[in-house]
Amino acid sequence: MILRDSAALRSRVTEWKKTGASIGLVPTMGALHEGHLSLVRAAQAECARVIVSIFVNPTQFNNAHDLANYPRSEAADVALLAGVDGIFIPTVEAMYPEGYSTSVQVSGLTDRLEGAHRPGHFSGMATVVTKLFGMSGADRAYFGEKDWQQLQIIRRFTQDLNLPVSITSCPTLREADGLALSSRNRRLPEAARLRAPRLHAIMQETAWAIRAGRPIAAALTAGEADLEAVGFGPIDYLACCDAQTLMPAREMTPGQTLRLLAAAALDSVRLIDNIVI
Ligand code: PAF
């Protein structure tokens, strides 16, 4: 069932809640792929009712060209979601009516990595996710680990604002050649698509080098050079960080979990990925 505004969503959820049903929410921007569907399956395994939202949120795009070119495929998306209880597809006007004036700002975690390269992105994301939590009355919400920094920020503001939603994360799904599934992959020209898996391969080589004791700074410099050599550029970052705080790590410390995160363009398509070290 497609629901196009918050009143329709609210009345549906109210009915479900009367029966004591737990509500799972999978927020998406559409152009669905197997990664999104893995979130839906995780939600269906844990929740009596599952809502998937499809909304290309303009406030999290810092680049008008990127927003205009973001893939949109509503009919195909709806067909893929045949088994879910509600598909929430609001308009921009329904989400941000005239006079709308509120945003959610998370400090610290949002300053680095994606935040440094995409001003305003995380505030737009945090705002729309907070709105979706409120509109859906969800008990649980599901996010992919592919957007690792986004996931840490969502956990942070959910806790800081005492939002009554439990956050579940699901692992990144990959093509057989290692490329992380992403809606943006469909914008890769054929030749670039063949080179794109090198991002993950070079990240793995960098992680192995760090684990084997190579100084982190030297391993990152070598990794960036390897990415440039296969045609990535600009490379926004290849960074080794504490997995939760995302503060840069200078050395391996016993007991600390590190994450390697990267963002780099290939043929003007910006790809991001992250792996555990
Ligand atoms: O990860 C995404 O697709 C978006 O950032 C999200 C969480 C749906 C918010 O618009």
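Our subject in this report is the structure included herewith. (Residues numbered from 1 in each chain as written. Predicted model: local features only at pLDDT ≥ 70, side-chain atom pairs only at ≥ 80, totals over all residues. Heavy atoms only, no water.)

**Here we look at the site of the ligand**
The condition is simple: What makes a residue near a molecule or strand is one non-hydrogen atom of that residue sitting within 4 Å of it. N or O atoms closer than or at 3.5 Å make up a polar contact, with two conditions inside protein: a donor-capable atom paired with an acceptor-capable one, and, for residues adjacent in sequence, both atoms drawn from side chains. A run of H or I in DSSP becomes a helix once it reaches four residues, and a run of E becomes a strand once it reaches two; helices and strands are each numbered from the N terminus. Note on residue classes: Ala, Val, Leu, Ile, Met, Phe, Trp, Tyr, Cys and Pro are nonpolar, Asp, Glu, Lys and Arg are charged, and everything else, Gly too, is polar.
Taken together, Pro27, Thr28, Met29, Gln60, Met125, Val128, Val129, Phe143, Asp147 and Gln150 make up the full set of residues near the ligand. Contacts to the ligand include Gln60, whose side-chain N or O atom sits 2.6 Å from an oxygen atom. Top element by residues in the shell around the ligand is helix α7 (residues 121-136). It accounts for three residues. Taken together, the residues that form the shell around the ligand break down as six nonpolar, three polar and one charged.

**Notes on the environment of Val26**
Note the threshold: A simple rule labels every residue: compare its accessible area, found with a 1.4 Å probe on the protein chains alone, to the largest value its type can have, and call it buried under 20%, exposed over 50%, or partly exposed in between. Contacts are assigned to residue pairs that have any heavy atoms within 4.5 Å of one another.
You can see Val26 is positioned in strand β2 (residues 23-28). Classification of Val26 as buried rests on a relative accessible area of 0%. Considering only alpha carbons, one finds Val26 and Ile54, 28 residues apart in sequence, at a separation of 9.0 Å. Apart from the residues lying within four places of it in its own chain, the contact partners of Val26 are Leu39, Val40, Ala43, Val50, Ile51, Val52, Ser53 and Tyr142.

**A few points about the sheet that holds strand β5 (residues 140-144)**
Where we set the bar: Whether two strands pair comes down to DSSP finding at least two bridges between them. Angular values range over 0 to 180 degrees, each being the angle between N-to-C directions of two axes fitted as lines to C-alpha atoms, with helices fitted over their stretch in contact.
Strand order in the open sheet formed by six strands is β1-β4-β3-β2-β5-β6, with parallel pairing between adjacent strands. At either margin of the open sheet sits one strand with a lone partner, and together these are β1 (2-3) and β6 (166-170). Of the pairings in the sheet, the one linking β1 to strand β4 (residues 86-88) comprises two bridges and is parallel in character. Following the sheet pairing, Leu3 is matched in β4 by Phe88. Sheet strands in contact with helix α2 (residues 34-46) are β2, β3 (49-54), β5 and β6, and its direction is about 155° off that of β5. Of the strands in this sheet, β2, β3, β4, β5 and β6 are in contact with α7, which crosses β2 at around 150°.

**Overview of the packing of aromatic side chains**
The condition that has to hold: Between the rings of Phe, Tyr and Trp (Trp by its six-membered ring), a pair exists once the centres lie within 6.5 Å; its type follows the angle of the planes, with under 30 degrees stacked, over 60 edge-to-face, and the other angles tilted.
In total, this model carries four aromatic pairs according to the counting rule given. Ring geometry for Phe61 and Tyr70: centres 5.6 Å apart, planes at 75°, overall edge-to-face. The exposure class assigned to Tyr70 is buried, which follows from its relative accessible area of 9%. Residues Tyr96 and Tyr100 carry aromatic rings whose centres are separated by 5.1 Å and whose planes lie at 80° to one another, so their mutual orientation is edge-to-face. Owing to a relative accessible area of 15%, Tyr96 belongs among the buried residues under this scheme. On the accessibility criterion, Tyr100 (30% relative accessible area) is partly exposed. An aromatic cluster is defined as three or more aromatic residues linked by ring pairs; in this entry it consists of Phe55, Tyr96 and Tyr100.

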